[in-house]
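In case you want the letters, here they are:
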Amino acid sequence: MAFGKSSTLSMRIIADLQIHSKYSRACSQELNPKNIGLWADKKGIAVMGTGDFTHPKWLNELKENLEEAKPGLYKLRVGSGIAWPSSDKGRPLAGPTRAPRALFMCTAEVSSIYKQGDKVRRVHNLIFAPNFEAVDKIIAGLEKTGANLKSDGRPIMGVHCDTLVKIVKDADAQAEVIPAHAWTPHFGVFGSLSGFNSIKEAFSDQAKYIKAIETGLSSDPKMNWQISELDKYSLTSNSDAHSLRKIGREANVFEIAEDKLSYEEIIGALYSKDPKRFLFTIEFFPEEGKYHLDGHRDCKFSCLPAQTKKLKGICPVCGKKLLVGVLNRVDELADRDFGLTPPRSIPFKSVIPLEEIIAETLDVGSSSKKVLALYDQMVGHRPEFEILLDLDENQISTIGTADVAKGIIRVRQGQVHMDAGYDGLFGKIHIFEEGEREQILKKPKQTSLF
Ligand SMILES: [Zn+2]
Ligand SMILES: [Zn+2]
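Residues numbered from 1 in each chain as written. Chains lettered and ligands numbered in written order. Predicted model: local features only at pLDDT ≥ 70, side-chain atom pairs only at ≥ 80, totals over all residues. Heavy atoms only, no water.

(A) Examining the coordination of the zinc ion (ligand 1) more closely. For the zinc ion (ligand 1), every protein donor is listed as Glu 109 (OE), His 124 (ND1) and His 181 (NE2), and the spread of their distances is 2.0 to 2.2 Å. In the primary structure, the donors to the zinc ion (ligand 1) are separated according to the pattern E-x14-H-x56-H. Here His 181 lies in the loop between β10 (176-179) and α5 (199-203) and Glu 109 lies in strand β7 (residues 103-116), a separation of 72 residues in the sequence. Here Glu 109 matches His 181 in class, with each residue buried. (Donors = N, O, S within 2.8 Å, 3.2 Å for Na, K, Ca; no water. Helix = DSSP H or I, 4+ residues; strand = E, 2+ residues; numbered from the N terminus. Buried < 20%, exposed > 50% of the residue type's maximum accessible area, 1.4 Å probe, protein only.)

Here it is, written out as structure tokens:
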């Protein structure tokens, strides 16, 4: 294991602790253990969440294909029915053919829907478990409530948030519950439609076990820092990927001694609020998330919270109630001005996925063949996160193109423009100004690349 560029004893560990499997609704059939491992390597992720461990078929696949490599962290077993491929969807694999190095940690997400007070609550929570034995116990506890875990990789259940924590903690004291994408309107613990106003309200006497919240794609730590009530929680970021390419679009970066790497150490760093152990989170620009502003997707109308107030929450196009997004909901609960950094907060870096930066420079869609070819070329040399975070402009030019290098440097400096997302529509990024992009596109092609 030699990710990152730290001393020999201590390693930078990039961890994406929330994804879904092929057994979750609207998720890619390619999300199997082997592919997830391969893509984690391409991205430079050292520890991946398994996702969906509550699903019986997925859990079987995980148990068949993984073996413990470090306490509570599993590696792909080579040999057991896995033929290590030399191609990925017909295209040659970037880098040498070998078993993926990424380690897996047992994680899942469940959807609780129930009535509390006069409101129907819909909350997604993450569950982290220290090993498969704990997973089995958690599953037994959930099944006792009548939950149908076979229904989906992210099962829907009537289990209240506090009961969920009780079941998980009774199964294993080292297992953890973390509210997922805390601000999204429909399923966030603070969501505008069916959420709560505090962790205490949602988790009652079990709130003491909640040590972190996931900020989700539409909010970043800076927005969360406006709420003093949240100072005591760690802010975590994960991809919630529904396909291989989206793995790592948000992630956590820890510094952990190589010989200590374990589930316990990951949780310890995650909860530490110590920037020497939890170095930073990797974030979307929150405007890129699909619930940042208020609006109506079908009406093609979006607005800032202040305008929603003026409109009394009513869409000027259709006359119905606007969907209140994350920015507005954070504003509602905020008791501090934007821009303040509370003590003991973990820094963050805003990134744009490499494929999207490449697509910007080529002026084509991010899933076009040209983009994929250049992406594979680049990650064949260095993992995506090293390219996005560490390499200098020259180094990036050498393995990619000068335009991509320029784009990455701009993103690092925050010099990007966004049409913010709303009502389920992702935001759009612009790294280059219009005239500038024409200049780039007019340039003769760097023929060595394709
Ligand atoms: Zn969710
Ligand atoms: Zn409308």
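Past the structure itself, the notes keep going.
(B) Seen up close, the pairing of strand β8 (residues 119-129). Among the 11 residues that make up β8, eight are buried, leaving the element largely enclosed by the rest of the structure. Relative to β8, β7 runs antiparallel, the two being bridged by 11 bridges. Looking across to β8, one finds that Ser 111 is bridged to His 124. Linking β7 to β8, which pair antiparallel, is a turn of two residues; within it Gly 117 sits at a positive phi near 65°. When β8 meets β10, the two strands line up antiparallel, connected through four bridges. (Pairing = 2+ DSSP bridges.)

(C) Quick look at the domain arrangement of the protein. Split into domains, the protein comes out as domain 1 (10-287) and domain 2 (353-449). Taken together, the contact between domain 1 and domain 2 spans 21 residues of the former and 22 residues of the latter. With both sides pooled, the region where domain 1 packs onto domain 2 buries about 1,700 Å², and carbon together with sulfur makes up 62% of that total. Area buried by domain 1 at its contact with domain 2 is led by Lys 43, Phe 285 and Glu 287, which between them contribute 32% of it. If you look at where domain 1 meets domain 2, you find four salt bridges. The partner of Glu 355 in a salt bridge is Arg 245, and the shortest N-O contact between them spans 2.0 Å. Counting every contact that joins domain 1 to domain 2 gives seven residue pairs in polar contact (both at pLDDT 80 or more). (Domains from an automatic or database assignment. Contact = heavy atoms within 4.5 Å. Buried area = accessible area lost by both parts, 1.4 Å probe. Salt bridge = Lys/Arg side-chain N within 4 Å of Asp/Glu carboxyl O. Polar contact = N/O pair within 3.5 Å; in protein donor to acceptor, adjacent residues only side chain to side chain.)

(D) Up close: the coordination of the zinc ion (ligand 2). Around the zinc ion (ligand 2), the protein contributes the donor atoms His 296 (ND1), Cys 299 (SG), Cys 315 (SG) and Cys 318 (SG), at 2.0 to 2.4 Å from the metal centre. One can describe the donor arrangement at the zinc ion (ligand 2) as tetrahedral, given that its four donor atoms subtend angles of 99 to 123° at the metal. One chain supplies every donor to the zinc ion (ligand 2), and in sequence these donors are spaced H-x2-C-x15-C-x2-C. Highlighted residues: His 296 in strand β15 (residues 294-296) and Cys 318 in the loop between α8 (305-310) and α9 (326-333), separated in sequence by 22 residues. For His 296, a relative accessible area of 12% corresponds to the buried category. For Cys 318, a relative accessible area of 35% puts it in the partly exposed group. (Tetrahedral: all angles 85-135°; square planar, octahedral: opposite > 155°, others 65-115°.)

(E) Focus on the environment of Leu 311. The residue Leu 311 is located in the loop between α8 and α9 in this model. Assessed through its relative accessible area of 24%, Leu 311 is described here as partly exposed. Taking the C-alpha atoms as reference points, Leu 311 and Leu 372, separated by 61 residues in sequence, lie 43 Å from one another. Those residues within four positions of Leu 311 in sequence are excluded, and the remaining contacts are Phe 301, Cys 303, Pro 316 and Leu 322.

(F) Focus on unusual backbone geometry. Even without being glycine, Lys 273 reaches a positive phi, approximately 55°. Looking at the element boundaries, Lys 273 is found in the loop between α7 (263-272) and β14 (278-283). For Lys 312, which is not glycine, the phi dihedral falls at a positive 55°. Classification of Lys 312 as exposed rests on a relative accessible area of 72%.

(G) Representation of the nonpolar core within the structure. Counting 105 residues, the largest nonpolar core has Phe 203 and Leu 354 as the members making the most contacts within it. A domain split of this core shows at least three residues from each of domain 1 (10-287) and domain 2 (353-449). In terms of nonpolar packing, the next biggest core, distinct from the first, is built from 25 residues, Ala 15, Ala 46, Leu 73 and Leu 270 among them. (Core = buried A, V, L, I, M, F, W, Y, C linked by side-chain atoms within 4.5 Å.)

(H) Structural detail: the packing of aromatic side chains. Applying the stated criterion across every chain, the model contains six aromatic pairs. An angle of 10° between the planes, with centres 6.1 Å apart, marks the rings of Trp 39 and Tyr 375 as stacked. Separated by 336 residues along the polypeptide, Trp 39 in helix α1 (residues 33-43) and Tyr 375 in helix α11 (residues 369-381) bring together distant segments of the chain. Comparing Trp 39 with Tyr 375 shows no difference in burial state: the two are buried. Pairing Trp 225 with Phe 348 gives two aromatic rings, centres 5.9 Å apart and planes at 65°, and the pair type is edge-to-face. Of this pair, Trp 225 sits in the loop between α6 (221-224) and β12 (234-236) while Phe 348 is found in strand β17 (residues 348-350), placing the two residues 123 residues apart along the sequence. Since its relative accessible area comes to 21%, Phe 348 is described here as partly exposed. The ring of Phe 196 has Arg 121 lying over it, and the distance from NZ or CZ to the ring centre is 4.2 Å. In this structure, Lys 349 is placed above the aromatic ring of Phe 280, and the distance from its NZ or CZ to the ring centre is 4.3 Å. (Phe/Tyr/Trp six-rings, centres within 6.5 Å; stacked < 30°, edge-to-face > 60°. Lys NZ or Arg CZ within 6 Å of the ring centre and 35° of its normal.)

(I) Geometry of the side chain of Thr 184. Looking at where Thr 184 falls in the secondary structure, it is placed in the loop between β10 and α5. Look past the residues within four positions of Thr 184 in its chain and what remains in contact with it is Gly 191, Tyr 291 and Val 326.

(J) Structural context of the pattern of salt bridges. Under the definition given, this model contains 18 salt bridges. Close ionic contact of Glu 61 with Lys 22 constitutes a salt bridge, the shortest N to O distance being 3.1 Å. In this pair, Glu 61 is assigned in helix α2 (residues 56-65) and Lys 22 in the loop between β1 (10-16) and α1, connecting sequence segments 39 residues apart. Of the residues examined, Glu 61 reaches a relative accessible area of 16% and is grouped as buried. Notably, a salt bridge pairs Glu 67 with Lys 75, separated by 3.9 Å at the nearest N-O pair. Glu 67 sits in the partly exposed class, given a relative accessible area of 28%. Bridged by salt links that share partners, the residues Glu 67, Lys 75 and Arg 77 form one connected network.

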